[in-house]
Structure formats: structure tokens, C-alpha cells
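Residue-level structural notes
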Amino acid sequence: MKSSLALLFLVSQALALDSAKLAAIHPAMEEAVKAKQAAGIVTLVMEKGKVVHHDAAGMADIAKGRAMEKDALFWIASMTKSVNGAAVMTLVDEGKLALDEPASKWLPELANVTVQGGAKPEKPITLRMLLSHTAGIAFPPRKPTDGAISLKAYAATLIKTPLAFQPGSSYEYGFGPTVAGRIIEIVSRMKYEDFMRTRLFEPLGMKDTTFHPNDAQRARIARTYKMDEDTHQLVPGYNPFVTSDSSVQHMPEPAGGLFSTAQDMGRFYAMIANGGELDGRRILSATSVAEMTKPVTAGEKQLNYACGWQCNTETQRVCAAMPVGSFGHGGAFATNGWIDPKSGIVTVFLVQNVLVPDSGKPRDAFQNLVMAAAGITVKPLAAKQAKR
């Protein structure tokens, strides 16, 4: 018994991140702010469910002189897709949904879709296709009604548009996850935002994760910045999800509408990294976590996308600093959350950049430092693979 405990202690020590190397993250982020790669940055690292680094650098609002704080809220954009995928899997665990059955079983209108040119689908659309952008539902044109109509109405407009390709034959980043979110509403008989709150956010203690920030939360939202092309200074940028006041609410968008904090997202990712359980509370089965994060194939080609998750594969690396087998998702305004399941390491990188040159460099620097602190060597992709 004593030898077993000693071995466990040695393993846990070997896996512990080097605190001195983690301390290098703050000055690296300050350098990124100085280089105008971001106005402000929040970083968080978790190891096996424990926070080992949480820091803020720079400004949340330059004009007001508001420093970035660790509890700042960010629009996390497409990072929402991973949370949406997890929500679908809770219903899969309950036997109320299935990834590979025709999704028209729950949303009958999907049986009536057509492909561009008028052809009929050769195979039915499934939830796996919707979540992995292989259903043929492409990125829709922008309309004045965006965000103003209900999720039910918006999903209806998406599936009335002819598919870009035969279901399962190709990949196009689009709004399939939004249709999957509508199916959650139908099956659960709950509003989408209420389902997310009661089934994921509250059980995980994600108290600041919401589609509709209240007044207190709005005061903590980090301002969006872009680079002025003439002055080369960071100036405020437009964010369509930050409404005029808290009573004006944007539609809950399953493909990209959430606001959150580094701490909240860290807890979500830690649950996934731990096979669906956090702090003794099971949210998903380990089988569902594995199935959700498994890269799909389309047209007989292996992709680096799963059910709401981007994946680092042997031939395709979304996050160059992270190892093969890791997965996560980025957001439109340069946010990023990533999981290395082998080591149990979670990284969360939050900024609000739009049209800011080199805005990916601070994320890479951050993740490189985390891997160095963990003693993990990440081999660079070969030149031919990198071009892919």
C-alpha cells in the first residue's frame, strides 16, 4: 500500500506544471499588449481540474482607463459550438437523441430539404452532420433580422435554403449547430437558453456564462478592439452581440452567442478533460465525451473537426502549440479554449480582437509557455502538412 501511494505521489509530482515557467506568461502577455496585438488578455490554465494559473494583462477599456480583470466577460463566439455539442450529448446520454439517426425524427422539416440545383439528398441529415458542418447547411447571408427573431424561426430559414452539397459528402463551416440547438428545444420542451443554464451552467458553477448579460455583467464586458488602418492604433470595434442595453436581447445563438469568463470556461473544459465529470458531479458519460470529440469523415476524407470541436490531428494542427490528440475551439474575436486530455491540461485565452494583425501570436506564446511548463514537447508539423 505504501509503495502504491509513493508511486502515485511521484506521478502527480511529475505531472505538476513548473510554476516558474507559468510565471513567464504575464510578461509575455504584457509584451503582446505593448505590441498592440491586443488591448487586454485574460489567461487561465487548469491541470486535472485545478487552476494553476489565472491572470489578466492590459486594458478592458482603453479610453476609460479600465484595467483588464480576471473576471472580465468576453463574447466567446464560436467557442459556444463546443458547449452546444455537450448539451446535445446530455440528451444522447438520456436516450432522447442519437448522433447518427435521421435528425428529421425530431425536426420533421429536415426531411424536405433540397440540395442546390433541386436534387434530393442521397442520405438523411444527422445530428453528427449538423454539429460537424458536414450537413450542407452553409454560412447564411447576413440579414437585418439576424438576432431579432426566435431560434425556432431562424432555424426554419436555415433549412429552407438549399444545401450547399450532399449531406455527409463535404465540409463547410456554417450554421448546422444552430439547427442542432433548435432540436434541443424541441426534445427538451424548454427554451434553449434555459436548457443550457439548468443542464450545464448551473451544475458546473458557470455563474457568468449567458446569452443575455445583465447590467452587472455588462459592466465587466471587455471592449472589442480593431486596428485603425491609418493610425495603427487600437480603436473600438463593432460587436453585434453587445446590445444597447440589457433589455434588448440578441437571439440565443447555439453557433456563437455566449458570453463567459475564463474561470467559467475553464470549469467546462475541465469537465470534458475529466471524461464528463467535475468535482464529483457527472455531466456527460465518458463515452459521449469520446464520441463528441472524435474527428469525423466526409466524402471519405478525414477531417480535423468533431461534434462542435476542432481537433489537432497528425496532419492538421489548429493550435500549433498544442499536441496531436488535443482539441478545443476558437472564437471570431481571437478567443480560444483548448484541452490536452492526455495530460489533463486546459488552456483558456480570452481577448476581444477584430481585424487586429497578429492577434494569434499571443495565444501561441501562451500555449507554448504552458507546454514548456508541463515539460511537453510539441513537434512542429512538416512543411507539407502545415500547408494543408
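One can find the structure itself at the top, above this paragraph.
Here's what I pulled together on the structure shown here. These figures come from a predicted structure and were not determined experimentally.

1. As for the packing of aromatic side chains
Counted according to the given criterion, the structure contains 12 aromatic pairs. With a centroid separation of 5.9 Å and 45° between ring planes, the pair formed by Y171 and Y305 is classed as tilted. One end of the pair, Y171, is in the loop between helix 6 (151-160) and helix 7 (176-188); the other, Y305, is in the loop between strand 11 (301-302) and strand 12 (310-311), and 134 residues separate them in sequence. One aromatic cluster is present, formed by F268, Y269, W309 and F327 through successive ring pairs.

2. Considering the environment of G325
When you line up the elements, G325 lands in the loop between strand 12 and strand 13 (327-330). Those residues in contact with G325 that lie beyond four places of it in its chain are N312 and P341.

3. Section: helix 3 (residues 25-34)
Along helix 3, the positions that sit buried rather than exposed are I25, M29, A32 and V33. Here the buried residues of helix 3 occupy an arc of 100° about the axis, which is enough to place them on one side. In the core, the buried residues of helix 3 are packed alongside helix 2 (19-22), strand 1 (40-47), strand 2 (50-61), strand 15 (345-350) and helix 12 (361-374). Just past helix 3, the residue K36 takes up positive phi, approximately 60°.

4. A closer look at the pairing of strand 13
The two faces of strand 13 match: F327 and H329 on one face and G328 and G330 on the other face are all buried. Counting the residues in the hairpin turn of strand 13 and strand 14 (residues 336-340) gives 5 residues, including A334, whose phi is positive at 75°.

5. What about the sheet that holds strand 15?
The strand order across the open sheet formed by 7 strands is 3-2-1-15-14-13-12, and the pairing between neighbours is antiparallel. Edge positions in the sheet fall to strand 3 (66-67) and strand 12, since each of these pairs with one other strand and no more. In this sheet, strand 3 lies alongside strand 2 in antiparallel orientation, the contact comprising 2 bridges. Within strand 3, the residue paired with M59 across the bridge is A67. In the packing of helix 10 (residues 262-273) onto the sheet, the strands contacted are strand 1, strand 2, strand 13, strand 14 and strand 15, and the crossing angle to strand 15 comes to about 150°. The strands touched by helix 12 are strand 1, strand 2, strand 14 and strand 15; relative to strand 15, the strand with the most contacts, the crossing angle is about 155°.

6. Regarding empty space enclosed by the protein
For the coordinates displayed, the defined rule picks out 2 cavities of 30 Å³ or more. By volume, the largest cavity is sized at about 80 Å³. As for the largest cavity, its lining consists of 14 residues, of which H212, P213, R218, T243 and V248 are closest to the centre. In this structure, the second largest cavity is lined by A39, G40, M59, M68, R223, Y225, Q352 and N353. For the lining of the second largest cavity, the residue count by class is 4 nonpolar, 3 polar and 1 charged.

7. With respect to the side chain of D340
Tracing the backbone shows D340 in strand 14. Among the polar contacts made by the side chain of D340, one reaches the side chain of S343 at a distance of 2.7 Å. When neighbours within four sequence positions are excluded, D340 is seen to be in contact with M322, P323, S326, I345 and I376.

What counts, and at which threshold
Residues numbered from 1 in each chain as written. Predicted model: local features only at pLDDT ≥ 70, side-chain atom pairs only at ≥ 80, totals over all residues. Heavy atoms only, no water. Phe/Tyr/Trp six-rings, centres within 6.5 Å; stacked < 30°, edge-to-face > 60°. Helix = DSSP H or I, 4+ residues; strand = E, 2+ residues; numbered from the N terminus. Contact = heavy atoms within 4.5 Å. Buried < 20%, exposed > 50% of the residue type's maximum accessible area, 1.4 Å probe, protein only. Arc of directions from axis to C-beta. Pairing = 2+ DSSP bridges. Axes fitted to C-alpha atoms, helices over the stretch in contact; angles between N-to-C directions. 1 Å grid on protein atoms, 1.4 Å probe; cavity = no way out; pocket = protein on both sides within 12 Å on 5 of 7 lines; lining within 4 Å. Points joined across faces, edges and corners; volume = space filled by probe spheres on them. Nonpolar A, V, L, I, M, F, W, Y, C, P; charged D, E, K, R; others polar. Polar contact = N/O pair within 3.5 Å; in protein donor to acceptor, adjacent residues only side chain to side chain.

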